[in-house]
Amino acid sequence: KKVVESARPGDLIYLGTRGNPVVMKDVTRKDLDVIAPDHEVFIGIGNEMWGLVNTRMLNRLTGIYGKDLPGIIKDDKGEATGLLFGTAGSVVGYEIFPQEPASLLAPVFGKELEEWAAIGVTTLSSRFNGTEISAYSQLAREGKLPIRIAYTHELARWNPYFERDMKRLGNLQDYGIGNQIWMMGLSVGIPDGSPPGGGGAAGGDVCSDVKKRERFPDDAFYEQNGFCYWEQPGDPTRATVMTANRYGYRIAGVHTFGDKGLEMMLETYGKAAKDSPQSAAFALDHGLMISPTVMKRTKEEGVIW
């Protein structure tokens, strides 16, 4: 309410919070409408994968992408509650809000990379969005990149129009600025995760084959076996993996926690490799709860960690 009162007419309002799932479940867009009737508001719950919007922002979102965009949570009557996850939440963060200028990010990134270089790190690998890539590239062009950067592009991360974009973009893997910075592949939307307030592995919110032993008071929003993004209606990620592989891209930088999420990824990787074996190259990241079955299958299919 304080932020809305200080905003100028026409301002888009983006708030970040580490809110917990019970709050998310009990608050709707109509509650936001009361305090923000004249502004478009997005409250990021932890990160862009979860969020709450008011009606004005929801109307903007559906006006561009349609009312059936995957990740728009609806109530029993089929009415959008204002909660977003996965694709819908990412679209707001990546495409509706303006991005930070690369010129603003570059000096900040440069200082952090100097710290990495000071402790002996020579190469960094991570996933970046477009404006972050521009910032690192600016450092490279100015001769201020202290270590090498091999990145995966977030273009494939919950992008409802990914194949359309691929037709225009083509394959830019391994392109870069000399040996300073180069694109090593694409990152897609995670199959599972540990949304804020759920307690991570302790709360059982990762997408797992093992049922929770108990339900914590702040764990009411999630299913007994955790939360699996890829199982939500309309989630585009399995198809995105297939398309990315057909265009010759490596898939990496995809954070995955639970055994079921890892198995879903391996199954999809296997189908993609069979579909286009000439370019198949896949990785798994952030594995914190890895079953022997997953380890064995990873080795058999040549997927790297």
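The paragraphs below set out a description of the structure included in this document. Quick caveat, the model's predicted, so the values are computed rather than measured.

Comments concerning the overall build of the chain
Then, in step 1: When helices and strands are counted, the chain shows 12 helices and 9 strands.
Then, in step 2: Counting every position in the chain, which comprises 305 residues, the buried fraction comes to 49%.
Then, in step 3: Surface accessibility of the chain: about 15,100 Å² in total, with carbon and sulfur atoms responsible for 53%.

Regarding the pairing of strand β5 (residues 80-85)
Two faces, one strand: in a regular strand the side chains alternate between the faces of the sheet.
Then, in step 1: In terms of burial, β5 is largely enclosed, as 6 of its 6 residues are buried.
Then, in step 2: Where strand β3 (residues 50-53) and β5 come together, 3 bridges link them in antiparallel fashion. Bridge assignment links L52 to a residue of β5, and that residue is L83.
Then, in step 3: Pairing of strand β4 (residues 72-74) with β5 involves 2 bridges; the strand directions are antiparallel. Within the sheet, the bridge partner assigned to K74 lies in β5 and is A80.
Then, in step 4: Linking β4 back to β5 in an antiparallel pair, the connection comprises 5 residues, with G78 at a positive phi of about 85 degrees.

Points about the packing of aromatic side chains
The relative placement of two aromatic rings is captured by the distance of their centres and the angle of their planes.
Then, in step 1: Taken as a whole and judged by the stated rule, the model has 10 aromatic pairs.
Then, in step 2: Their ring planes at 20 degrees and their centres at 4.7 Å tell us that F109 and Y136 sit as a pair that is stacked. Taken together, the positions of F109 in helix α6 (residues 102-118) and Y136 in helix α7 (residues 130-141) put the pair 27 residues apart, joining distant regions of the chain.
Then, in step 3: For Y136, a relative accessible area of 6% translates into the label buried.
Then, in step 4: Members of the aromatic cluster, each reached through a chain of ring pairs, are F109, F128, Y136 and Y151.

So, the environment of T293
Then, in step 1: Structurally, T293 is set in helix α12 (residues 292-301).
Then, in step 2: Measuring from C-alpha to C-alpha, the distance between T293 and E263 comes to 8.8 Å, with 30 residues separating the pair along the chain.

Regarding the sheet that holds strand β9 (residues 181-186)
Then, in step 1: Spatial strand order, β6-β7-β9-β8: 4 strands in an open sheet with mixed pairing. Only two strands of the sheet have a single partner each, and these edge strands are β6 (123-128) and β8 (176-177).
Then, in step 2: Both β8 and β9 contribute to a ladder of 2 bridges, which runs antiparallel. Among the inter-strand pairings, I177 is bridged to a residue of β9, identified as I181.
Then, in step 3: Across the sheet, α7 is in contact with β6, β7 (148-153), β8 and β9; its angle to β6 comes to roughly 150 degrees.

Here we look at a nonpolar patch on the surface
Then, in step 1: A surface patch of nonpolar side chains, about 280 Å² in accessible area, is lined by L169, L172 and Y175.
Then, in step 2: The residue Y175 is located in the loop between α8 (162-169) and β8 in this model.
Then, in step 3: Overall, Y175 belongs to the exposed group, its relative accessible area being 58%.

Here we look at the environment of C228
Then, in step 1: Its location among the elements puts C228 in the loop between α9 (200-203) and α10 (237-246).
Then, in step 2: By relative accessible area, which is 5% here, C228 ends up buried.
Then, in step 3: C-alpha separation for the pair C228 and M264, spaced 36 residues apart in sequence, amounts to 9.6 Å.
Then, in step 4: When near neighbours in sequence (up to four residues on either side) are disregarded, C228 contacts P191, C207, K260 and M264.

Here we look at the environment of G89
Then, in step 1: You can see G89 is positioned in helix α5 (residues 86-96).
Then, in step 2: A relative accessible area of 0% places G89 in the buried class.

Concerning the packing of helix α11 (residues 259-275) against α12
Relative orientation and spacing of two packed helices are given, respectively, by the angle between their axes and the distance between those axes.
Then, in step 1: For the pair α11 and α12, interaxial distance at closest approach is 10 Å and the crossing angle is 20 degrees. Compared by their axis directions, α11 and α12 come out roughly parallel. Every pair of crossing elements has a handedness; the one defined by α11 and α12 is left-handed. Between α11, through D259, L262, E263, L266, E267 and G270, and α12, the contact on the second element is made entirely by T293, V294, R297, T298 and E301.
Then, in step 2: Residues of the contact of α11 with α12, tallied by class, amount to 3 nonpolar, 3 polar and 5 charged.

Cut-off values and rules
Residues numbered from 1 in each chain as written. Predicted model: local features only at pLDDT ≥ 70, side-chain atom pairs only at ≥ 80, totals over all residues. Heavy atoms only, no water. Helix = DSSP H or I, 4+ residues; strand = E, 2+ residues; numbered from the N terminus. Buried < 20%, exposed > 50% of the residue type's maximum accessible area, 1.4 Å probe, protein only. Areas by Shrake-Rupley, 256 points an atom, 1.4 Å probe, with all protein chains shown as cover. Pairing = 2+ DSSP bridges. Phe/Tyr/Trp six-rings, centres within 6.5 Å; stacked < 30°, edge-to-face > 60°. Contact = heavy atoms within 4.5 Å. Axes fitted to C-alpha atoms, helices over the stretch in contact; angles between N-to-C directions. Patch = residues over 30% accessible without salt bridge, like charges linked within 9 Å, V, L, I, M, F, W, Y side chains within 5 Å. Salt bridge = Lys/Arg side-chain N within 4 Å of Asp/Glu carboxyl O. Parallel < 35°, antiparallel > 145°, perpendicular 65-115°, else oblique. Left-handed = near helix turned anticlockwise from the far one by under 90°. Nonpolar A, V, L, I, M, F, W, Y, C, P; charged D, E, K, R; others polar.

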